[in-house]
Amino acid sequence: MMPEWGLGLRPCLELAWKLRRFCLQAKRRPSASEVLVLVMASHSLQDRVALLEHTWADVQMQRIYLVDDWLNTAPRERQWRPAVALQSPGSFGVESNYWDAQSRQLDFMRSHPSVESLASPVQPNWIMLADDDTFVHVDALLDFVGNYDPHVPALFGYVLSDAHVLGYDYPCGGAGMLLSAGAYDILAPRLLSECPLLAFNDLTLGFCSHSQGIPLVHHPGMHCAPDVNRAMRPGENLMDIQKGIAVHRLIGFQSFKELVGTLDMLKGQLRALLQHRCLLAARSGSDDDPLDSRRFFWSVPAFADAVDACRQHSPRAAHAVSLHLEFLLLGGVPVAGYHRDRHVPLLAAPASRRTRWPEWLEQLRHLDCSGKPLAWRATWGSAPQLSPLQVEASGPSLAANAQVEAIPVAKRPSWLAQVKDAARALPKSAPGHQWIFVDFSPSSTFLNVFESVRVLRSLSSLHHPGGSDKTNPYLQDVRGPVDLGAEAPPPLAVAYEYFDLNVEQAAGLWINGVAARRLLRCQPLRHPIHLDPEAHANDWPTAEERIALMWHNAIAVDVFRTLRFCGVIPLHSASMVPHALSYLPYSTYRRSHSPSVATAMSIGNVESREQMRGLSQLVTRRACAKPQPSRWKLPVQMRILGGANLSSWSLPGGRFLGQSLVAFRSEHFLPDAQAAGLANTPSNDPRVM
């Protein structure tokens, strides 16, 4: 009987092992009490703490304010003050508490060298280091950390790399630095001893993480600078942070107090959707009808959460995602004024290279680095235009916006007519796995093919390929209801959506095969184009420039209205960046910030061919590089930047003052160097740039 028992036990053990692996890999959303936030705060700015306490009023998240003197705006049990008062003047004689706040955070960690020593009501698994002007979106934070093992050492943040004068990557402190418990236990006891003070807490932690082999992981949803409007338009675009973890310097914005309410409103979309059987349609009706999809705003990750909830979190059937990509290059050029101030002699302006194939197409030679097979085709079109019907319906308002008497109407096909031509050429099967990239300005829009493919695959994998045109339920009636819980692929578009005003065409537009066929069947549009007086302000100096900007804004509004009117669900992607200038705080014109570029799907208004080619080479090298061995076994694939241990303190851009290595960050390297008297320092000292 023993052999028979043994034979019967083996499949049982295999099943038990599979179930164990499934349970270990299952996503577990931790409770807010498992997170501890250490906030740098000061008595002189305690009103900021009052705002933070207001946003976290109903959250059971542990937080400690590291203060120079006791605050009146937070409970005393949530405050920590060092036993010995710190000296207020900084290393350069700066009369400010800024340096002290940086030191307090490190001093607290050194005083509590392990997670167990924190003496918290609940032992935290994650420790977030933040400023008092950093908003932490708790729901998004908990969703994120639920994917990772807190015992594995890792430091998540907005990693600054390649754009600064230091010889290593470091996390932007203002964006928040998220430490796993495993990383905290390694770093905390070594601070200010094995790991020297580098004047700033984020530089110090970055240096220490490198020296201890702890991965620095870039997260684009942790905003370092106030770049929550990458379209460079006035006002915040809170769509950028619908699933973002943290935003720095947001208190300086007028709408900070309304931030929590806005995020709750966006979260309320899901509750309303579940109450209406997950049905959306581009029409208004009674309470029993599908919800009006034109009133909903989804980011790419929020849409995935909605589909998951509509299916009641049941597992999806696994299937391979082989995409068919169409690149439609419409041959337009950016508004000249966007590039005039940045013009560099001997570099070709975008208008002079409008007939050239864009440099990012060279990535297509290396598509085997993207994983599963891909089919693609690229075609040229004419410059993007509005339909004459749209211009006629808009009346004299467009001319008034440009401050001219009349608007010349082009005879070339509209952008929508050219998209319809591309839709007719698509294969007749699997519309959910077909995607068209509409490039409105090929000479200045950079497309990160590898990151785009990753995102498009994640969206395509939410549904089955879609069968044929005859079997897809969403192709007969363009305003018919869409069931997000069904297996049939819905009509989707991915773009940078400037809230409820327009789609920023400078970053391009992705539409799937179902959406393309809906546009093909949509009746001719005659809705007037209304431009917002603030968001679409037009005060450019010459009539030619004003007309160019007017067309740019009008097409942006028309794309937004057309998608929504024709029953397409637009998904906002903060990684489709309309304006390269939003990256400049941590970049240069010739040397782009590599973590931002690597995690971007597209970047608009790139200045030159040389920069476009450099971006393409950067993302290609990253996509095709062999994985580097890590000291730590990470549970899932993460973007690990850096990785080299530092064997010397002889770093460029820094010098020793006493026992501290003073380093200068890129965003204020020159003024700091001048303040320290280093601007004319001889370069033979290896510790000084």
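Coordinates for the structure precede this section.
Residues numbered from 1 in each chain as written. Predicted model: local features only at pLDDT ≥ 70, side-chain atom pairs only at ≥ 80, totals over all residues. Heavy atoms only, no water.

Caption draft 1: Structural context of the state of the cysteines. For the structure shown, the criterion picks out five disulfides. Between the sulfur atoms of C195 and its disulfide mate C208 the distance is 2.0 Å. Between C195 and C208, the disulfide has an S-S torsion of 60° and is therefore right-handed. Here C208 lies in helix α6 (residues 201-211) and C195 lies in the loop between α5 (181-187) and α6, a separation of 13 residues in the sequence. There is no split in this pair, since C195 and C208 are both buried. Between the sulfur atoms of C369 and its disulfide mate C624 the distance is 2.0 Å. (Disulfide = S-S within 2.5 Å. Helix = DSSP H or I, 4+ residues; strand = E, 2+ residues; numbered from the N terminus. Buried < 20%, exposed > 50% of the residue type's maximum accessible area, 1.4 Å probe, protein only.)

Caption draft 2: How the structure looks around the packing of aromatic side chains. Under the definition given, this model contains 14 aromatic pairs. A centroid spacing of 6.3 Å and a plane angle of 90° characterise the contact between W360 and F437, whose relative ring orientation is edge-to-face. Pair noted here: W360 is in the loop between α9 (336-340) and β17 (374-380) and F437 is in strand β18 (residues 434-439), with a separation of 77 residues, a long-range link. For the pair W360 and F437, one class covers both residues: buried. (Phe/Tyr/Trp six-rings, centres within 6.5 Å; stacked < 30°, edge-to-face > 60°.)

Caption draft 3: Spotlight on the pattern of salt bridges. Scanning all chains against the criterion turns up 21 salt bridges. Among the charged side chains, a salt-bridge network with shared partners connects R29, D139, D143, K243 and D305. (Salt bridge = Lys/Arg side-chain N within 4 Å of Asp/Glu carboxyl O.)

Caption draft 4: Representation of helix α8 (residues 300-310) in the model. When we look at burial in α8, the residues that qualify are V300, A302, F303, A306, V307, A309 and C310. Where α8 terminates, the next one or two residues include Q312, which has phi positive at roughly 55°.

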